[in-house]
Amino acid sequence: MQPRIILSQEHYRIMQTRFCHQLIEKHDDFKSSVIIGLQPRGVNLACSIRKELEQLLGHEVKYGELDSTFFRDDFRQKPLLPQSTSIDFLLDDLRVILVDDVFFTGRSVRAALDALQQHGRPAEVELLVLIDRRLARHVPIQPDYTGITVDAIFSEKVKVVWNDTILSHVELVNKDQ
Amino acid sequence: MLSVPHLLGIKYLNRDDVGKILHTAETFLDVINRPIKKVPSLRDITVVNLFFENSTRTRLSFELAEKRLSADVINFSASSSSVSKGETLVDTVNNILAMKVDMVVMRHPKPGAAHFLSQRVDARIINAGDGAHEHPTQALLDAFTIQRKLGSLEGKKVVIVGDILHSRVALSNIYCLKLMGAEVMVCGPPTLLPRYISSLGVLVETDLKKALEWCDVANMLRIQLERQEIQYFPSLREYAMLYGLNSKILEGLKKEITIMHPGPINRGVEITSDVADGPHSVILNQVESGVAVRMAVLYLLAGRAEDKM
C-alpha cells in the first residue's frame, strides 16, 4: 500500500491557527497557562503553536518540554532512551496544555501526567493532539483539542513528517513498509 | 538496551554502551536535582547490595540510586553474614536470589568475582569493584564528570596519578577513557606502575610535574595502604613530596587543569586539602555524578528487552 497523505502542509497551517484561537478562547491572555511539549515528537508541534500564539498575543508564552520515559510502564518491552526535560518553573496553580503529535493508546500521556507531578501541582491539565487515533485507546484519556481524527487499523502507522521544525505532511503507512 | 546483560567491567562494553550510559545519566542528574527526586522505573525490581569489602561512598551511592529509581533494596555485608560461617559465594547469592531478587550489586576482594558469579546465578550482576581488577561505575562517573566539565572526552588528556598497580579505578578508567577517545597517561613511582601497562595504549611518566604539564585532567588516586603487602616506596612523606599534588605545583603550571579523586582522600599524601577543596577540584561533582551514573546503569540493565526478568 502506498502511503496516503492525510494532512497537507496547507491544511496544517489553517489547523494551527484554529488551535491558537481555541486556546486563547479558553486561556485568555495565557498569564497563568503554560504549553508543555511531550518528548520526543510533540516538541516541534508545541514550539510551532507557541510561536503563533506569541504573535497573536504580543507577549511571551510560558513553555516547557517534558520527557516521560522513566514513568512509562512498557520500558522493559520496548527499550527507550530518555530525552531531556526542561521545565524551569514550578507548575503549581498553572493551567497546563500538554501537546503531542499522535494520540494512540494513551499510555504516553498517562506517563506524562505522572511525570508532570514532579514539577508541581497544576491547577488544570489539558491535552492537545494533532492526530487522534480514536479506536486504539488502552486507558480512559481523551484529548481536549484535536487536529484530525483518524480511524486507522493496528497494522497502519500515522507518520508525521517534519522538515526541520516545519510540518511537511502527515501520512498513513503500512507498518511493514 | 546495553549490549551486555551484566556490568562486569568496562572491558566488556562498547562505545555505544558507554555513550548510552552517559546520555541517560545526564537525564538522571536532572531528576535528582528536582524537588521530587524519584522516578518509578524500577518499582518492580529488588536489588541486593552485596558488599564483601568495606565501602562508604559506593554503597551509599548505589543504595541512593536504587531508591531514587523506586527499587526495593536489601543490604548485605560479609562481616555480619553466614560467610563468616564458611558459606560459599554462590550459595550465599543463590539463597538471596531464592527470595526473588532481580539484581545484584557486588563488591568483592577477589578479581573476577563478579564474572564468576554472572556465570552461575540467574540475576543481573553489577560489579561495584572486584579486587584490583575493575570498578566500572567509578570509571563511568569519572568520564561523566569530565564530559560535563570539558564538554566531551574526545581528545582530552587525562593523567592518572598514584598507585596504578593496586588500583581497579585506574584500569577501568583507562578502558573507559580510551574507548571514548581520550588520551591517557599514568604517573607514579616505578614500583607502583605495572610493567606492561603501556600495552593498554597509555603513556607512562614518572615525573609528576611533566605529567601535569601535559594533561587537561589529573585523577589523583589514593595510596592503598591495605593492599600493600610489601613496601613500594620508602615513606608516605617521600611519596607526598614526589607525587603529592599541592597548590604550589598547580600554580606553577602554564594552564588550568581539572582535579579529580575517587575518594577516600588521604589528605596531605596524594593531594593537599587546599587543592582538594579548591576551585579546580571536581571531587564533590564526582560524588553527585555517581548517583546519576549508577541510576543510568541500573535503568539500562533492567530495561534489556530481549531477556525479560
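Position numbers for residues start from 1 in each chain and track the written sequence from start to end. Chain A is the first chain written and ligand 1 is the first ligand written, with later ones labelled in order. Whole-chain, interface and lining totals are the exception, using all residues; otherwise, since this is a predicted model, local features are given only for residues with pLDDT of at least 70 and side-chain atom pairs are given and counted only at 80 or more. The side-chain values count all of the structure's non-hydrogen atoms but skip hydrogen atoms and water molecules.

Draft legend 1. Highlighting the confidence of the model for chain A. Along the chain, pLDDT gives the predictor's confidence residue by residue, from 0 to 100. Per-residue confidence for chain A averages 91 on the pLDDT scale, and 99% of its residues sit at or above 70. Strands here mean DSSP runs of E at least two residues long; helices mean DSSP runs of H or I at least four residues long; both are numbered from the N terminus. The secondary structure element of chain A with the lowest average pLDDT is strand β8 (residues 166-174) of chain A, at 89, and the one with the highest is strand β2 (residues 33-38) of chain A, at 97.

Draft legend 2. Quick look at helix α1 (residues 15-32) of chain B. All names here are of chain B. End to end, α1 covers 26 Å across 18 residues, agreeing with the expected 26 Å (1.5 Å per residue, within 8%). If you check which residues of α1 are buried, you get Asp 17, Val 18, Ile 21, Leu 22, Thr 24, Ala 25, Thr 27, Phe 28, Leu 29, Val 31 and Ile 32. Contacts were defined at the residue level, with two residues in contact if any of their heavy atoms lie within 4.5 Å. Check the buried side of α1 and you find it contacts α2 (57-68), α5 (136-150), α6 (168-179) and α11 (283-302). Near the N-terminus of α1, the side chain that reaches the backbone nitrogen of Asp 16, with its oxygen 3.1 Å away, is that of Asn 14. Under the convention used throughout, the expected extent of a helix is 1.5 Å for every residue step, that is, one less than its residue count. Burial classification: accessible surface area is computed with a 1.4 Å probe over protein chains only, and a residue below 20% of its type maximum counts as buried, one above 50% as exposed, and the rest as partly exposed. Under the rule applied, a polar contact is a pair of N or O atoms within 3.5 Å (in protein, one hydrogen donor and one hydrogen acceptor; residues adjacent in sequence only if both atoms are side-chain atoms).

Draft legend 3. Expanded view of the packing of aromatic side chains. Classification of ring pairs uses Phe, Tyr and Trp, with its six-membered ring standing for Trp, and accepts pairs whose centres are within 6.5 Å; under 30 degrees between planes counts as stacked, over 60 as edge-to-face, and the remaining range as tilted. What the rule picks out here adds up to 7 aromatic pairs over all chains. Where Phe 70 of chain A meets Phe 28 of chain B, the ring centres are 4.0 Å apart and the plane angle is 15°; that geometry is what we call stacked. Linking Phe 70 of chain A in the loop between β3 (62-66) and β4 (95-103) with Phe 28 of chain B in helix α1, this pair reaches from one chain into another. Of the two residues, Phe 70 of chain A and Phe 28 of chain B, both sit in the buried class. Every member of this aromatic cluster is reached through a ring pair, and the members are Phe 70 of chain A together with Phe 28 and Tyr 299 of chain B. In this analysis the charged atom, NZ for Lys or CZ for Arg, is taken to sit over a ring once it is within 6 Å of the ring centre and within 35 degrees of the ring normal. Residue placement shows Arg 18 of chain A over the ring face of Phe 19 of chain A; its charged tip is 5.4 Å from the ring centre.

Draft legend 4. Layout of the interface of chain B and chain A. Taken together, the 27 residues of chain B in the interface contact 18 residues of chain A. Taken over both partners, the interface formed by chain B and chain A buries close to 1,800 Å², and the fraction arising from carbon and sulfur atoms is 60%. Throughout, buried area stands for the accessible area (probe radius 1.4 Å) lost by two parts on being put together, summed over both. Among the residues chain B hides against chain A, the three largest losses belong to Met 1, Arg 34 and Tyr 299 of chain B. Together they make up 25% of the total. In what follows, salt bridge is the name for a side-chain nitrogen of Lys or Arg lying within 4 Å of a carboxyl oxygen of Asp or Glu. One can count 0 salt bridges joining chain B with chain A. The interface formed by chain B and chain A contains 6 residue pairs in polar contact (both at pLDDT 80 or more).

Draft legend 5. Fine view of the sheet that holds strand β3 (residues 103-108) of chain B. All names here are of chain B. Any two strands between which DSSP finds at least two bridges are classified as paired. Ordered by their spatial adjacency, 4 strands build an open sheet running β2-β1-β3-β4, and the pairing between neighbours is parallel. Each edge of the open sheet is held by one strand with a lone partner, namely β2 (72-77) and β4 (124-130). Going from strand to strand, the sheet's axes swing by 15° on average, the running direction of each strand aside. Along the sheet face, α11 touches β3 and β4 and points at about 150° away from the line of β4. Whenever a helix is involved, its axis is fitted only over the stretch in contact; in every case the axis is a line through C-alpha atoms, and angles between N-to-C directions fall within 0 to 180 degrees.

Draft legend 6. Fine view of the environment of Leu 80 of chain A. Among the secondary structure elements, Leu 80 of chain A is positioned in the loop between β3 and β4. Judged by its relative accessible area of 21%, Leu 80 of chain A falls in the partly exposed class. For the pair Leu 80 of chain A and Asn 44 of chain A, spaced 36 residues apart in sequence, the C-alpha separation works out to 20 Å. Those residues in contact with Leu 80 of chain A that lie beyond four places of it in its chain are Thr 69, Arg 72 and Asp 74 of chain A together with Met 1 and Tyr 299 of chain B.

Draft legend 7. The pairing of strand β6 (residues 183-187) of chain B, seen in detail. All names here are of chain B. In terms of residue burial, β6 counts as a mostly covered element, since 4 of its 5 residues are buried. Taken together, the 5 bridges between strand β5 (residues 157-161) and β6 define a ladder with parallel strand orientation. Within the sheet, the bridge partner assigned to Lys 157 lies in β6 and is Glu 183. In this view, the connection linking β5 to its parallel neighbour β6 by way of α6 has right-handed handedness. Note: β6 against strand β7 (residues 203-205), 3 bridges, orientation parallel. The residue of β7 that forms the bridge with Met 185 is Leu 203. The handedness of a crossover follows from its direction of travel: if, with the strands pointing away from the viewer, the path from the first strand over the helix to the second runs clockwise, the crossover is right-handed.

Draft legend 8. Structural context of the environment of Trp 162 of chain A. All names here are of chain A. When you line up the elements, Trp 162 lands in strand β7 (residues 156-163). Judged by relative accessible area, Trp 162 falls into the buried class, the value being 18%. The sequence separation of Trp 162 and Leu 45 amounts to 117 residues, and the corresponding C-alpha distance is 9.5 Å.

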